[in-house]
Amino acid sequence: MALRAHRQDAGGSNSYPFTTELQITIANQMGLYAEENAVDFVLFLGDNFYSNGIYQQMNTNASVTRVEEGFEKVYEVLLQRTPFYVLGGNHDHYGDITQQLAYSALNPRWNYPHLYYTQVHSIPQSSMTVEVVMIDTQVLQYEWRKMRLGIYGVRNFTWMTHTHWQWLEETLAASTADWLVVAGHYPVYSISSHGTQETLVERLRPMLQAHGVALYLCGHDHQLQHIREPGDTVDYVVSGSGSEEKLSRRNDTRNIAEVPEGYLRYFYGDQGGFASVQISSTELSVEMHRQDGQLLYSFSKGNPRARR
């Protein structure tokens, strides 16, 4: 099975034509990659539409144009062959996130049924499965001040945060899949501009470890990073450089002190890029690609759930 072309922070531009040169370049490389490899689906892990998400009804001309120009045309090659599984980032929550949920009914390739959800996929030529748990880190971290309260309300958002944590614990505990992967927008650990998220270290990390999660995928920081605690079984992959390339963020390691020594395995921040993941019955492998498709780094691992 190929769980490939994981990508996020690919939201293009806030003004017409709603794309960036980097976004188009990487989308083209992902399309080429999909043509050469058996890609089953794409993970779109937040900041899908810069800078303020979708803030008008999905059936209005403005929203239709934004989605057509900033998503459908950019990923035309990928959309012909692969579904996208989507979750929201902080920039998406600045707008009306419910409009991105509604887009699922308009485009069968855009799968975003709820702010958080889970999907189970079969590994070809085997009886084994992979469960990918999609979470909303904005909700988990109770960042209601950065969201449109007209959609939720503070009281509702308090309930949403509690419910999401409860759902996540129950979902991981109940999983019967052979492999478990969790995907969110915010990183648990990061050495770059946004840094390590303490709430996720304190609450999410123990869940990942307790339930045999092999991989946590995320974005938010606009680089490629691989982090793993010595002796641990969870690998943390940051891949947030799919659209926006700021010179000020190139090789940005300002928060390296927030990641304990020995945890960082790889960092690339010079240009944009994307990550791909492939899972077989016995092995998970991750590749990190530069914006021109060049392979930069890879690692493989066994299944921590096989030891349980």
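Residues numbered from 1 in each chain as written. Predicted model: local features only at pLDDT ≥ 70, side-chain atom pairs only at ≥ 80, totals over all residues. Heavy atoms only, no water.

With respect to the packing of aromatic side chains
At step 1: A full pass over the atoms with the stated rule returns 20 aromatic pairs.
At step 2: Relative to Tyr-75, the ring of Phe-44 has its centre 5.4 Å away and its plane inclined at 85 degrees; by these criteria the two rings are edge-to-face. Linking Phe-44 in strand β2 (residues 42-45) with Tyr-75 in the loop between α2 (61-72) and α3 (76-79), this pair joins segments that are 31 residues apart in sequence.
At step 3: Given a relative accessible area of 2%, Phe-44 falls into the buried group.
At step 4: Measuring from ring centre to ring centre gives 5.4 Å for Phe-44 and Phe-84, while their planes differ by 80 degrees; the resulting arrangement is edge-to-face. Pair noted here: Phe-44 is in strand β2 and Phe-84 is in strand β3 (residues 84-87), with a separation of 40 residues, a long-range link. Accessibility assignment for this pair places Phe-44 and Phe-84 in one class, buried. (Phe/Tyr/Trp six-rings, centres within 6.5 Å; stacked < 30°, edge-to-face > 60°. Helix = DSSP H or I, 4+ residues; strand = E, 2+ residues; numbered from the N terminus. Buried < 20%, exposed > 50% of the residue type's maximum accessible area, 1.4 Å probe, protein only.)

What to know about helix α1 (residues 21-36)
At step 1: For α1, with 16 residues, the first-to-last C-alpha span of 23 Å sits near the 22 Å given by 1.5 Å per residue.
At step 2: The complete set of buried residues in α1 reads Leu-22, Gln-23, Ile-26, Ala-27, Met-30, Gly-31, Tyr-33 and Ala-34. (Expected span 1.5 Å × (residues − 1).)

Here we look at the sheet that holds β3
At step 1: Strand order in the open sheet formed by three strands is β2-β3-β4, and the pairing between neighbours is parallel. Looking at strand neighbours, the two that pair on one side only are β2 and β4 (110-111), the edges of this open sheet.
At step 2: As paired elements, β3 and β4 share two bridges and run parallel to each other. Bridge pairing links Tyr-85 to Asn-111 in β4. (Pairing = 2+ DSSP bridges.)

As for the sheet that holds strand β8 (residues 215-218)
At step 1: Strand order across the open sheet formed by seven strands is β5-β6-β7-β8-β10-β9-β11, with mixed pairing between neighbours. Every other strand in the sheet has two partners, leaving β5 (117-122) and β11 (264-268) as the edge strands with one partner each. For this sheet, the mean inter-axis angle between neighbouring strands, taken without regard to orientation, is 15 degrees.
At step 2: As paired strands, β8 and strand β10 (residues 235-239) are joined by four bridges and run parallel to one another. Across the sheet, residue Leu-217 finds its bridge partner in β10, namely Val-237.
At step 3: Strand contacts of helix α9 (residues 198-210): β7 (179-183), β8 and β10, with the helix running at about 140 degrees to β8, the strand carrying the most contacts. (Axes fitted to C-alpha atoms, helices over the stretch in contact; angles between N-to-C directions. Contact = heavy atoms within 4.5 Å.)

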